2 protein chains.
Amino acid sequence: MNKIRIGIVGYGNLGKSVELGIRQNEDMELVGIFTRRNPSTIETVTRAVAVYTMDEAKKMTEQIDVMVLCGGSMSDLPFQGPEFASLFNTVDGYDNHAQIPDYFSAMNENALEAQKICIIAGGWDPGMFSINRLYAEAILPEGNTYTFWGKGVSQGHSDAIRRIKGVMKGKQYTIPIENAIEAVRRGDRPELSTREKHHRVCFVVAEEGTDKEQIEHEIKTMPNYFADYDTEIHFITEEELEKNHPGLPHGGLIIRHGRTGLHEEHNHVIEYQLALDSNPDFTANVLVAFARAAHRLNQEGVAGAKTVVDIAPAYLSSKSAEELRKSII
Amino acid sequence: MNKIRIGIVGYGNLGKSVELGIRQNEDMELVGIFTRRNPSTIETVTRAVAVYTMDEAKKMTEQIDVMVLCGGSMSDLPFQGPEFASLFNTVDGYDNHAQIPDYFSAMNENALEAQKICIIAGGWDPGMFSINRLYAEAILPEGNTYTFWGKGVSQGHSDAIRRIKGVMKGKQYTIPIENAIEAVRRGDRPELSTREKHHRVCFVVAEEGTDKEQIEHEIKTMPNYFADYDTEIHFITEEELEKNHPGLPHGGLIIRHGRTGLHEEHNHVIEYQLALDSNPDFTANVLVAFARAAHRLNQEGVAGAKTVVDIAPAYLSSKSAEELRKSII
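Calculation rules
Residues numbered from 1 in each chain as written. Chains lettered and ligands numbered in written order. Predicted model: local features only at pLDDT ≥ 70, side-chain atom pairs only at ≥ 80, totals over all residues. Heavy atoms only, no water. Phe/Tyr/Trp six-rings, centres within 6.5 Å; stacked < 30°, edge-to-face > 60°. Helix = DSSP H or I, 4+ residues; strand = E, 2+ residues; numbered from the N terminus. Buried < 20%, exposed > 50% of the residue type's maximum accessible area, 1.4 Å probe, protein only. Least-squares fit on C-alpha atoms with pLDDT ≥ 70 in both. Contact = heavy atoms within 4.5 Å. UniProt positions renumbered as here; feature names shortened; annotations may be inferred. Polar contact = N/O pair within 3.5 Å; in protein donor to acceptor, adjacent residues only side chain to side chain. Salt bridge = Lys/Arg side-chain N within 4 Å of Asp/Glu carboxyl O. Pairing = 2+ DSSP bridges. Axes fitted to C-alpha atoms, helices over the stretch in contact; angles between N-to-C directions. Buried area = accessible area lost by both parts, 1.4 Å probe.

A. Region of interest: the packing of aromatic side chains. Residue and element names in this part refer to chain A. Counted according to the given criterion, the structure contains 12 aromatic pairs over all chains. For the ring pair Phe 129 and Tyr 272, a centre distance of 6.0 Å and an interplane angle of 80° mean the geometry is edge-to-face. Placement of Phe 129 in helix H4 (residues 128-139) and of Tyr 272 in strand E13 (residues 266-276) is noted, with a sequence separation of 143 residues between them. Of the two residues, Phe 129 and Tyr 272, neither departs from the other in class, the shared state being buried.

Set out below in structure tokens:
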């Protein structure tokens, strides 16, 4: 059997996790990593991985079945995505929810012209959470869906803390509020404000001699990021941060509460929950599974941009349809 | 917009729940119920529903888009399924796991010949649990999946109790063992015996003057059903049974624990959990959502037997692809 030949575009946390994720799938092989940096400066996590410049990619359309795009949604994917869609099947974790329709259009146009397939907005939210929101709504049309994130590290919020003057390092945990989850499970159908769904806990390493009260004030009043939440701030040492807060754990929970019956007397709760030691590893593994789907679908002649809900689950599995009917159904 | 025209084949608990489920979907209408009984003896749950004999179905291929097959998996579907597959798009909740490959073949042959689509083994297990097992395995190839059922009423086990001499009424709850769930969540990867995963609790109404010890012995030693489990038996009155144990609640939990990272140092837990007041209502609502998918796919020219993992999630939703990208992704 020919292995599915994968390329990685962009070599940050996510790209490194894709490199590792491919190793867990026997039907795949990593052809190379494509970077904007000087390839000779890149040290890959695993051995004997080829590193190329971005420009070299366009000469390698015959060697690569699917490109996994690992650039950032803010500044990389809006440009890289459509460019690669003209040359390769792609998967990405584009996660700017509000811009998904525009990104989809740009990808779709180029992918259709090149007769490639591009699966966008993979990962867990958007991604597996989107899939679960859809299934739950379709099954329980009368009901309410709630999404909770955490407990986990929000990289955007951690970055925001670190931009404050006098902050050396910082890490922010998003924590769902247990009472709110319980109310949803009970079927109270609560109207929850931002503050009632999550709170935020920050661990901050301050530079010596800085005014901690000022830092605390700046965090707590920061619009969009913290002002609408109850925020707890702990000043700790660099050693404590490294020892007690390593890695990028995350997770979350989708709950749909719905009602059925002649008088809507039956309550039903569907929950999908993730607890992840490594946000980039899990996101990467979702993208890798969808890379398998992209390759197979394109071999069947399917082209254009797709989101995760357009892909039948069976395409993600390395098992044949017969094996799935025997072992999974 | 033309509504999707649904027929119901078989009018037991599941058929009644399908009748109610259709009312929650504005893009659907119920054309009629098909029964082996005398239609004039059937009292439908909602008003103004037409009831037909099974024989009348074959004259109504132009009036019905999808037939929801609500017969039993043991004695009805093996015959009814292939018969209806030659005439209609169908969905069913065939749940005899071991026989699914054979049932699939029989359905596939007839459906392909008639150019209809037949989605088999819907519901929650098989069904939504199958889908979630597949996604979880594809995303975390290195890991273990565990399925727990309950707390809920097992109709098969309740029937088994009622067949014992001297038992008037009985209800059996399947209950997952909390310690086992916790061990799985922690990542212990336990090897769990049947007894270590679930226990069984029976509420029995005995006829006056029967030997309760004998009933207890017969239940606890019944092969397949109870012998491999720790089983708790409570004798109660008929009034207590009706008051404290109404309805057919059920539910369950799929957990996959997986590892990623260079040295498999990152743990990840995916959970999909259902808590259902009414097993038949929820099963029916899953079938109704897949009926929408069956209709749409057949309109696109897709034919043959399919399982739930062969269907892209988007086909289950009444929302358009554009709406999904805006609101769900």
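B. View of the relation of the copies chain B and chain A. With an RMSD of 0.0 Å, the fit of chain B onto chain A corresponds to turning through 180° and sliding 0.0 Å along the axis. Such a turn and shift between the copies fits a two-fold axis. Closest approach to the rotation axis among the C-alpha atoms of chain B is made by Ala 312 of chain B, whose C-alpha sits 1.8 Å away. A high fraction, 100%, of the interface residues of chain B reappear at the interface in chain A, so the copies pair face to face through one surface.

C. Representation of the UniProt feature "binding site: substrate" (unreviewed entry) in chain A. Residues and elements named next belong to chain A. The sites that UniProt annotates as "binding site: substrate" (unreviewed entry) are Trp 149, Thr 174, Arg 200, His 250 and Asn 279. Following the sequence through the fold, Trp 149 ends up in strand E7 (residues 143-149). With sequence-adjacent residues up to four places away left out, Trp 149 is seen in contact with Trp 124, Asp 125, Phe 129, Thr 174, Ile 175, Pro 176, His 198, His 250, Gly 251 and Gly 252. In this structure the side chain of Trp 149 is engaged in a polar contact, spanning 3.0 Å, whose partner is the side chain of Asp 125. As for its placement among the helices and strands, Asn 279 is situated in helix H10 (residues 279-299). Residue Asn 279 is classed as buried on the basis of its relative accessible area of 12%.

D. Just the pattern of salt bridges, in detail. Residues and elements named next belong to chain A. Inspection of the entire model under this criterion finds 30 salt bridges over all chains. In this structure, the salt-bridge partner of Asp 76 is Arg 36, at a minimum N-O distance of 3.0 Å. Of the two residues, Asp 76 is situated in the loop between strand E4 (66-69) and helix H2 (77-85) and Arg 36 in the loop between strand E2 (28-35) and strand E3 (51-53); the sequence distance between them amounts to 40 residues. Across the pair Arg 162 and Asp 159 runs a salt bridge whose closest N-O atoms are separated by 2.5 Å. In this pair, Arg 162 and Asp 159 both sit in helix H5 (residues 155-162), 3 residues apart, roughly one turn of the helix.

E. Up close: the sheet that holds strand E14 (residues 304-307) of chain B. Residues and elements named next belong to chain B. Ordered by their spatial adjacency, 7 strands build an open sheet running E3-E2-E1-E4-E5-E6-E14, and the pairing between neighbours is parallel. The open sheet has two free edges, formed respectively by strand E3 (51-53) and E14, since each of these has just one partner strand. Averaged over neighbouring strand pairs, the angle between their axes works out to 25° when direction is ignored. In this structure, strand E2 (residues 28-35) lies alongside E3, joined through 3 bridges in parallel fashion. Within E3, the position partnered with Ile 33 by the bridge is Val 51. Strands strand E1 (4-9), strand E4 (66-69), strand E5 (89-92) and strand E6 (117-120) of the sheet are contacted by helix H2 (residues 77-85), whose axis makes an angle of about 175° with E4.

F. Representation of the interface of chain B and chain A within the structure. Between chain B and chain A, the contact holds 65 residues from the first and 65 residues from the second. Note on chain B versus chain A: buried area summed over both sides is about 5700 Å², and carbon and sulfur give 63% of it. Linking chain B to chain A there are 2 salt bridges. With a closest N to O distance of 3.2 Å, Glu 137 of chain B and Lys 319 of chain A form a salt bridge.

G. Expanded view of helix H1 (residues 13-22) of chain B. All names here are of chain B. Summarising burial for H1: 8 of the 10 residues are buried, a large majority. The complete set of buried residues in H1 reads Leu 14, Gly 15, Ser 17, Val 18, Glu 19, Leu 20, Gly 21 and Ile 22. In this structure, the buried side of H1 is in contact with E1, E2, E4 and helix H10 (279-299).

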